[in-house]
Amino acid sequence: MEHKQCSFDQKILSLIPKEIKHRGELIQFNSGSENNFRRKKFFRLKTETSVKNIHLTVGQKIYDNFEKQRIFYELLPKFVPKPLFVIEDIGDGVSIIGQEFIEGNSIDYLFIESPEKAQNLFFLLKENLDKLVVKSSTNKWLDELNLLKLRVLKINGLSDVDKIILNNEIFPYIENYISAQNPHQRWTNGDLAPRNILVDQDNKVWLIDFEFASQTHFFDEDMVRFFQYSNEMLKSLNFLQELQSKLDCCLKSYFWLKQAILDNETKANSVKKDFLKV
């Protein structure tokens, strides 16, 4: 729930670029200690003009997110909020990112109110993402898999037996899948969950959150991720069931490996049972 920040908002406001005309009012969207920036904080900064308000992200290790969003904005300017500025390291590794504020709700709300409209917007976004697909090579795809292997094998709590199964069963299974494909890659935001697809008051669809964005050969994993992070009502819809049925099981294996990496690298106290859900 929105609530006004009252302690360190003046410091943030003093760092906003001079060309940004604002009302000096910050509204915070998520809770948390003002001195703990391991969890990102989100604000709306009201502007003095008729242009959109500004969405501020404040947190540690977020500077690179601005560049990723800038790349995405250049590729899909009609679907990505415009990145405006980044202020690097205001203290303790904390940075500030400013972007256009999108007034809207996540797409899962629209699926409840108007399933057909939500489905059309979802496919509109998917079609435009797929326009970013470019040709690649099998060797480059295998190089990407090898980098994934290194990160997976560093996961805390993996036993020797786990590593044997990964090296003798899971990784060769994915390698065989790659060898049988026509290699392509595209940019993905890395977290295509319903919460990261917004629909505004004009029924325009927006993609947000580029922390895990990358150019990958495993881009169809987007559809696995969208399904896994959908509620039960969404999962029951025919179009999503059909999309899942067309995906190779290898992509689902990749999803769980990637999720295990993210849990291991972003959750300080994660253990194996947190991510081995299959």
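Please refer to the structure placed before this passage.
Bear in mind the structure is a predicted one, so any value in this text is a computation, not a measurement. (Residues numbered from 1 in each chain as written. Predicted model: local features only at pLDDT ≥ 70, side-chain atom pairs only at ≥ 80, totals over all residues. Heavy atoms only, no water.)

**Details of the pairing of strand S5 (residues 83-87)**
With four bridges connecting them, S5 and strand S6 (residues 94-100) associate as antiparallel partners. Considered in S6, the bridge of Pro83 is made with Gln99. What sits between S5 and S6 in their antiparallel hairpin is a turn of six residues, with Asp89 showing a positive phi close to 50°. (Pairing = 2+ DSSP bridges. Helix = DSSP H or I, 4+ residues; strand = E, 2+ residues; numbered from the N terminus.)

**A short note on helix H10 (residues 249-266)**
When the terminal C-alpha atoms of H10 are compared, their 26 Å separation across 18 residues agrees well with the 26 Å that a helix rising 1.5 Å per residue should span. Most of H10 sits inside the fold, with 13 of its 18 residues counted as buried. (Expected span 1.5 Å × (residues − 1). Buried < 20%, exposed > 50% of the residue type's maximum accessible area, 1.4 Å probe, protein only.)

**A few points about helix H2 (residues 63-75)**
If you check which residues of H2 are buried, you get Asn65, Phe66, Gln69 and Phe72. Relative to the axis of H2, the buried residues are bounded by an arc of 125° and lie together on one face. Counted as exposed and oriented over 90 degrees from the buried face of H2: Asp64 and Glu74. Packed against the buried residues of H2 are S5, S6, helix H4 (115-130), strand S9 (184-188) and strand S11 (205-207). (Arc of directions from axis to C-beta. Contact = heavy atoms within 4.5 Å.)

**Some remarks on the packing of helix H7 (residues 221-228) against helix H9 (residues 238-245)**
Helices that pack against each other are described as a pair by the angle of their axes relative to one another and the distance between those axes. Between H7 and H9, the least distance of the axes is 10 Å, while the angle of their chain directions is 135°. Overall, the two elements H7 and H9 adopt an arrangement that is oblique. Of the two elements, H7 crosses H9, and the hand of that crossing is left-handed. Listed contacts from H9 to Met223, Val224, Phe226 and Phe227 of H7 are Leu240, Gln241, Leu243 and Gln244. (Axes fitted to C-alpha atoms, helices over the stretch in contact; angles between N-to-C directions. Parallel < 35°, antiparallel > 145°, perpendicular 65-115°, else oblique. Left-handed = near helix turned anticlockwise from the far one by under 90°.)

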